[in-house]
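Single-letter residue listing:
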Amino acid sequence: MFEPVGSRVDFVKMEQDAIEWWNAHDIPSKYMRRNEDSDKRYSFIDGPITANNPMGVHHAWGRSYKDLFLRFRNMLGYRQRFQNGYDGQGLWIEVEVEKELGFGSKRDIEKFGVGEFVDMCKARVDHFSDIITEQSKRLGYWMDWEDSYHTKSDENNYTIWHFLKTCHEKGLIYEGTDVMPWCPRCSTGLSEHEIVTEGYVEIVHPGLFVKFPLLDREGEALLVWTTTPWTLSSNVAACVHPDLTYAKARNGDDTLWVVEARLSTLRGDYEVIEKVKGSELVGLRYRGPFDELPAQDGAQHVVIAWDEVSESEGTGIVHTAPGAGKEDFALGKEHGLAVIAPLDEEGVFAEGFDWLSGMSVFEVNEPIYESLKSKGMFYALEQYPHRYPVCWRCGTELVFRLVDEWFIRMDPIRDLLMEITEQIEWVPSFGRARELDWLRNMDDWMISKKRYYGLALPIFKCEGCGGFEIMGSEDELKGRAVEGWNEFEGHSPHRPWVDAVKIECRDCGAVAPRIQDVGNPWLDAGIVSFSTLKYRHDRDYWKEWFPADWISESFPGQFRNWFYSLLTMGAVLQEAPAFRLVFSYALMRDEHGEEMHKSAGNAIWFEDAAENMGVDAMRWTFARHTPENNINFGYATADEVRRRFIIPLWNVYSFFVTYANIDRFDPSVKAPAASERPDLDRWILSELHQLIADVTASLSRFEPESAARRAEEFVESLSNWYVRRSRRRFWKSGLIGGDGANGQASAPEDVADKLAAYATLYEVLLSLSKLLAPIIPFVTDVIYRNLAAPNGGARESVHLEDYPVADMSLVDERLNEVTRLAQRVSSMGRAARSKAGIKVRQPLERVLVKTRAASERDLLSAAAPQILDELNVGALEVVEDESALMRYAVMPNLRLLGPKYGAEVGAVRQALAQADAAATADAMRAGRAIEAGGYSLEPDEALVTTEEREGLSTAVDAGYAVAVSTTITPELLLEGQARELVHRIQNMRRDAGFDIADYITTYYAGGDLGDLVSAHGGYVKQETLSVDLVEGDAPSGAHTAEQRFDGLSATIGLVKSSG
RNA sequence: GGGCCAUUAGCUCAGACGGUUAGAGCGCAGUCCUGAUAAGACUGAGGUCCGUGGUUCGAGUCCACGAUGGCCCA
């Protein structure tokens, strides 16, 4: 016996129970150990999830993929690692802790105490990694949770030290001065990676037009345009494009130079006096906008040439301040310009800027306008909305600031990185081109950050000679330490503890402290293909698992972040790829395709989703989606998945268990061999094994969506064709495992057929539970455990099973085609019935079928029994062409024929009427001329309509035609009425609360049913489990009802039979 | 300026290898079923497959150019 299964099920409750059961029986750890001795390995390295907040549904998407492919490979027998990763160092953690503490600047952190602050950061990470672990378990994500790695761990940090030292040995590390994007609130520079990730927002800035008076040309001025007025304080040059044409224009009291294409920016009327190439302006000197500031002392202001000057915005003359802009800085180097750096770490004007000193960059615009006005340099001001970088963590507008930072040189390894990228398999395949594009354009990697909680860069810079060294391990540091080791010992290699340690400069012997900077967080994540595989301590273990066979992460951003840092570290340490294949996916949106935002109220919490839609529904929604497209996720989409896939699957299962229990079906009893079973069984087994082959292939190719969609098609066929058409086989009298109760003798062939049906459906459901277990681990295990329980060879859980293997000898392509044809013809036959308004319960005499290809007629005869049954008709006839079903009527198209033939129209008309209508229709369809009684007409000169033949209703589609006879003889009518009566009695049985298997005695009174009972009484008895059909009033206590249908009426009474 | 992606029904999306007359769900209209019922089945209406050229016996699918949208880089 199987555990009884209701058709109503609370999936969420079922999932929670499953988790409890798994834990109680230690299934996850049995699952993870199951392939311990396998000689096949499949190495997965987890991209660490940021442990800074609870996990969201978008994380659940990615984690469902990871779990899916891990489970798939596990059932295939591969030995794997199940190590989850947590990312927990860096600015993002700091910012959240700062928020908690109400801090606004780095000074607050210093005051609070760096050690305490770092401890709080670590505690935050531990807190949220615990939460995410619990959430992941609810998702059914089976990882070795006790063994999760942390990027903040000592091992991870020290492995990065090793990497950086290796970089240094290869001459890749340098300290450079550059103008970098800088967050004034966080007081730190941001690397290129961080800005491009999610850093640009639409901001309205001033578009300020300023006049720079030319020193060499009295009365003339350059008109320049800037969106960052504060940078004018540090202006030293103005750029023009050497090849563009510049115009000098009289404009009110001014004589201004602008690029010709931008003359329209001038206010009011103007008159062009002179035009020259930009190159002719190069070298002119001008008076700078803030020459009076001390910081500007001795600075020259000169026009220089630059090819990047655009004439699509501004004035074609670009204000240049090498201390406050990235390209400006590069130009400054090239032209030997003065570098004036205005801002300190917090975005406040430094000393030397007179009245500006001490003011924040965000409050100087107005005073600057006033100052320019007083000097006669102000020209105009407009609003200029554009995309501008902000701090990706705190949202503050970035400024560009001159800083000393540490970099890894990219040019020496760029080619190697690209070569490695070529070797990797990218899913989707366009990922390779995206990564290569990034690598081609990648600048040197800025790895330093002037913050507190992160990798302590192991760079020790000598206070004497200025040289630097890099410590490659804790042991090396200990060996070199000349002070502070005792203070540090026992602490993690974080600030402030590690800052105490100082070494002696190898070159000059002076003391060298660690630089204060911490590392870029992508160092932390990029090292994991070494650090988590014991690279430093157990090289054999590392060799066994490196490189990863696959990794998986969402691609927006990761091309320049995690994928990139993994590539770089693999290249530097091993000149090898760190992973063989990357499977990536896009972004999650809400149901309407809008970005999810907490503030917009359209974000979905993981817990809410899990407890309302259920995790299987969520996971199936993910699996069926094309990964490279953004997913629109919400309750409605999950509801649809549950309704269209999970519930039908469950209903088939529930149907099976219900009747298998009634029949005491025992799966261990030998059923007929598959080849001996009826067509219907052989067909669904054929489809099943084709499905197994397809799903296995799809998942091997990392195409979950095609696997899921194939499975949906299969369950649809299983539910709406196999089970529906098999139902009566399960209801046949006689119990296969029975003892002859109810006195129903059963014919041996019925028992064999029934057994075949049960065995088939059992095999299908059991295979399906294994096949889909990696995708929907909850419902599949519940099904498996119940079905497999009476079976000697069963495992404890489907998750300890082997993945099913397709038996291609059971795949019968012809049988599949026959069934497809039966389905198609049945569908069209229903359409024909529907058109004639005849319900399926009414038997009809015959169906006529025209197939598209003559070759299908052979299939049709095999499909005929199913079609007759589906359509409730007596006979099927094959017809050669539609003319047997349809009559064509050809009409002249007088609108065209009239003008063309004039008086001859009458003759044409007659000729057309006498021509063969079917041939005419053929010609028209083919676009050929119509031959009619000596006339040759264009195809559009006739109109053709079809009429159905008398007594037929026809449906036509895609080359097929199916017609049903519509004549209802008295015999057919009586048969239809018998079916209707059965239907009514069935309803009454249910209303009376009888059990499905109860036998009854049926009474009928009121007179109209005599003919029906004498003709079809046996049928009615059999269908309704009536032991007897008695004319007359039912005894008192019977369930009775007045029935009227098809012009008949009777009072029906039902009594449960004692037998 | 460069790279990548997309464009198929009102909406959301499928459409290996080029192959007869392009599919699903939702929505809409209608019918049926109620012994699989937080249901289900069926039928119908609805498409110049972004455009233009090209390759081919044959193009939604391949190529070129263009348009629109998105992402990224400069």
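Rules and cut-offs
Residues numbered from 1 in each chain as written. Chains lettered and ligands numbered in written order. Predicted model: local features only at pLDDT ≥ 70, side-chain atom pairs only at ≥ 80, totals over all residues. Heavy atoms only, no water. Helix = DSSP H or I, 4+ residues; strand = E, 2+ residues; numbered from the N terminus. Rg over C-alpha atoms; globule rule 2.2 N^0.38 Å. Buried < 20%, exposed > 50% of the residue type's maximum accessible area, 1.4 Å probe, protein only. Contact = heavy atoms within 4.5 Å. Areas by Shrake-Rupley, 256 points an atom, 1.4 Å probe, with all protein chains shown as cover. Lys, Arg positive; Asp, Glu negative; His and termini not counted. Charge placed at Lys NZ, Arg CZ, Asp CG, Glu CD. Disulfide = S-S within 2.5 Å. Pairing = 2+ DSSP bridges. Axes fitted to C-alpha atoms, helices over the stretch in contact; angles between N-to-C directions. Phe/Tyr/Trp six-rings, centres within 6.5 Å; stacked < 30°, edge-to-face > 60°. Expected span 1.5 Å × (residues − 1). Arc of directions from axis to C-beta. Polar contact = N/O pair within 3.5 Å; in protein donor to acceptor, adjacent residues only side chain to side chain. pLDDT = per-residue confidence, 0-100. Salt bridge = Lys/Arg side-chain N within 4 Å of Asp/Glu carboxyl O. Parallel < 35°, antiparallel > 145°, perpendicular 65-115°, else oblique.

Enquirer: Honestly, the overall build of chain A in this entry has me stumped. Any pointers?
Expert: Per the secondary structure count, chain A includes 32 helices and 40 strands. Here the C-alpha atoms of chain A give a radius of gyration of 41 Å, more than 25% beyond the 31 Å that 2.2 N^0.38 yields for 1059 residues. Within chain A, the proportion of its 1059 residues that are buried is 56%. Restricting to contacts in chain A with at least 6 residues of sequence separation, those with at least 24 account for 77%. When the accessible area of chain A is evaluated, it comes to approximately 43700 Å², of which 46% is carbon and sulfur surface. Placing the 113 positive and 166 negative side-chain charges of chain A at their respective mean positions leaves the two points 3 Å apart.

Enquirer: Would you mind going over the environment of Pro-496 with me for this structure?
Expert: When you line up the elements, Pro-496 lands in the loop between α14 (485–488) and β22 (502–504). Classification of Pro-496 as partly exposed rests on a relative accessible area of 30%. In the structure, Pro-496 is positioned 381 residues away from Gly-115 in sequence and 5.7 Å away in space, judged by C-alpha atoms. Among all residues touching Pro-496, those that are not within four sequence positions of it are Val-114 and Gly-115.

Enquirer: Explanation requested: unusual backbone geometry in the structure shown.
Expert: Both trends apply: most residues other than glycine have a negative phi, and most peptide bonds are in trans. The omega torsion across Arg-495 and Pro-496 is 0 degrees, close enough to zero to call that bond cis. Residues Phe-546 and Pro-547 are joined by a peptide bond in cis, for which omega reads -5 degrees. Here Pro-547 lies in the loop between α17 (539–545) and β25 (551–554). One non-glycine residue with positive phi stands out, namely Asp-354, at about 55 degrees.

Enquirer: I keep staring at the state of the cysteines and nothing clicks. Help me out?
Expert: One covalent bond between the sulfur atoms of two cysteine residues makes up a disulfide. On inspection of all chains with the given rule, the structure shows zero disulfides. With no disulfide partner, Cys-462 has as its closest neighbouring cysteine sulfur the one in Cys-508, 3.3 Å distant. Judged by relative accessible area, Cys-462 falls into the buried class, the value being 6%.

Enquirer: Explain the sheet that holds strand β17 (residues 445–446) to me, please; I cannot follow it from the model alone.
Expert: Remark on secondary structure: sheet strands pair via backbone hydrogen bonds, oriented parallel or antiparallel. Taking strand neighbours across the sheet as the criterion, the four strands line up as β5-β4-β15-β17 in an open arrangement whose pairing is antiparallel. Both edges of this open sheet fall to β5 (188–189) and β17, since each of them pairs with a single strand only. As defined by bridge partners, strand β4 (residues 173–183) adjoins strand β15 (residues 399–408) across 10 bridges and the pair is classed as antiparallel. Pairing of Val-179 across the sheet is with Leu-402, part of β15. The sheet contacts of helix α9 (residues 326–335) involve β4 and β15, and relative to β4 the element is tilted by about 135 degrees.

Enquirer: For this particular structure, what's the right way to read the sheet that holds strand β2 (residues 85–87)?
Expert: Here three strands make up an open sheet; going across it, the order is β1-β2-β3 and the pairing parallel. Among the strands making up the open sheet, the edge pair consists of β1 (49–50) and β3 (149–150). Here two bridges tie β2 to β3, and the two strands are oriented parallel to one another. What sits directly across from Tyr-86, in β3, is His-150.

Enquirer: What is the right way to read the packing of aromatic side chains from this model?
Expert: Describing an aromatic ring pair means giving the distance of the ring centres and the angle of the ring planes. This structure, assessed with the given rule, holds 61 aromatic pairs. Measuring from ring centre to ring centre gives 5.1 Å for Trp-22 and Phe-778, while their planes differ by 35 degrees; the resulting arrangement is tilted. With Trp-22 in helix α1 (residues 11–24) and Phe-778 in helix α25 (residues 777–788), this pair connects stretches of sequence that are 756 residues apart. For Trp-22, a relative accessible area of 1% translates into the label buried. Ring plane angle 75 degrees and centroid distance 5.7 Å describe the contact between Phe-559 and Phe-563, whose orientation is recorded as edge-to-face. Given the relative accessible area of 2%, Phe-559 is considered buried. Among the residues examined, Phe-563 registers a relative accessible area of 0% and is labelled buried. Aromatic rings pair up to connect Phe-44, Trp-61, Tyr-65, Phe-69, Trp-550, Phe-583, Tyr-585, Phe-622, Phe-633 and Phe-702 into one cluster.

Enquirer: Quick question: what am I supposed to make of helix α20 (residues 615–623) here?
Expert: Each α-helix turn comprises 3.6 residues. Residues three or four places apart therefore point the same way. For α20, a buried count of nine out of nine residues is recorded, marking the element as mostly surrounded by other parts of the structure. Among the residues of α20, those classed as buried are Val-615, Asp-616, Ala-617, Met-618, Arg-619, Trp-620, Thr-621, Phe-622 and Ala-623.

Enquirer: Even after reading the chapter, I still don't get α1, so can you show me in this structure?
Expert: For α1, built from 14 residues, the straight-helix expectation of 20 Å at 1.5 Å per residue is met to within 8% by its first-to-last C-alpha distance of 20 Å. Buried within α1 we find Phe-11, Val-12, Met-14, Glu-15, Ala-18, Ile-19 and Trp-22. The buried residues of α1 occupy one face: seen down the axis, they fall within an arc of 160 degrees. Exposed and facing more than 90 degrees away from the buried side of α1 are Glu-20, Asn-23 and Ala-24. Its buried side turned inward, α1 meets α2 (27–33), α6 (114–138), α19 (606–612), α20, α21 (635–662) and α25. The backbone nitrogen of Val-12 has a side-chain oxygen 3.2 Å away, supplied by the residue at the start of α1, namely Asp-10. Downstream of α1 by a residue or two, Asp-26 has a phi angle that is positive, lying close to 60 degrees.

Enquirer: What should I look at first to understand the confidence of the model for chain A in this one?
Expert: Reading predicted coordinates in detail is not appropriate for stretches of low pLDDT. With 93% of its residues at a pLDDT of 70 or more, chain A shows a mean pLDDT of 86. In the predicted structure, residues 737–745 sits below a pLDDT of 50 and forms nine contacts with residues beyond four places in sequence or in another chain. Complex prediction metrics read pTM 0.85 and ipTM 0.90.

Enquirer: What is the right way to look at the pattern of salt bridges in this model?
Expert: A side chain with one charge can pair with a side chain of the opposite charge if their charged atoms come near. Per the counting criterion, the structure on display carries 67 salt bridges. For Asp-411, the salt bridge goes to Arg-414, with nearest N and O atoms at 2.8 Å. Remark: Arg-414 and Asp-411 occur in helix α11 (residues 411–423); sequence separation between them is three residues, near one turn of the helix. Classification of Asp-411 as exposed rests on a relative accessible area of 56%.

Enquirer: Honestly, the side chain of Thr-226 in this entry has me stumped. Any pointers?
Expert: Along the chain, the position of Thr-226 falls in strand β7 (residues 220–226). A polar contact of 3.1 Å, which involves the side chain of Thr-226, links it to the backbone nitrogen of Thr-228.

Enquirer: Sorry, what's going on with the packing of α20 against α21 here?
Expert: Running from N to C, α20 and α21 cross one another at 95 degrees; their axes reach a closest spacing of 9 Å. In this view, α20 runs roughly perpendicular relative to α21, as classed from their interaxial angle. Residues Asp-616, Ala-617, Trp-620 and Thr-621 of α20 touch α21, and the partners they reach there are Thr-637, Ala-638, Val-641, Arg-642, Phe-645 and Ile-646.

Enquirer: Even after reading the chapter, I still don't get the pairing of β25, so can you show me in this structure?
Expert: Side-chain direction in a regular strand flips from residue to residue, so the side chains alternate between the two faces of the sheet. The two faces of β25 match: Ile-551 and Glu-553 on one face and Ser-552 and Ser-554 on the other face are all buried. In the sheet, β25 pairs with strand β26 (residues 581–585) via four bridges, with the strands oriented parallel. Counted as the bridge partner of Ser-552 is Phe-583 from β26.

Enquirer: Explanation requested: the side chain of Ser-965 in the structure shown.
Expert: Looking at the element boundaries, Ser-965 is found in strand β36 (residues 960–965). Among the polar contacts made by the side chain of Ser-965, one reaches the main-chain amide nitrogen of Glu-845 at a distance of 3.4 Å. If we skip the residues at most four places from it in the chain, Ser-965 touches Leu-844, Glu-845, Arg-846, Gly-951 and Leu-952.

Enquirer: I would appreciate a short explanation of the pairing of β4 in the present structure.
Expert: With respect to burial, β4 is a largely interior element, eight of its 11 residues being buried. Relative to β5, β4 is paired through two bridges, and the arrangement is antiparallel. Of the residues in β5, the one forming a bridge with Cys-183 is Thr-188. The turn joining β4 and β5, which pair antiparallel and follow one another in sequence, is formed by four residues; a positive phi near 55 degrees is taken by Ser-187.

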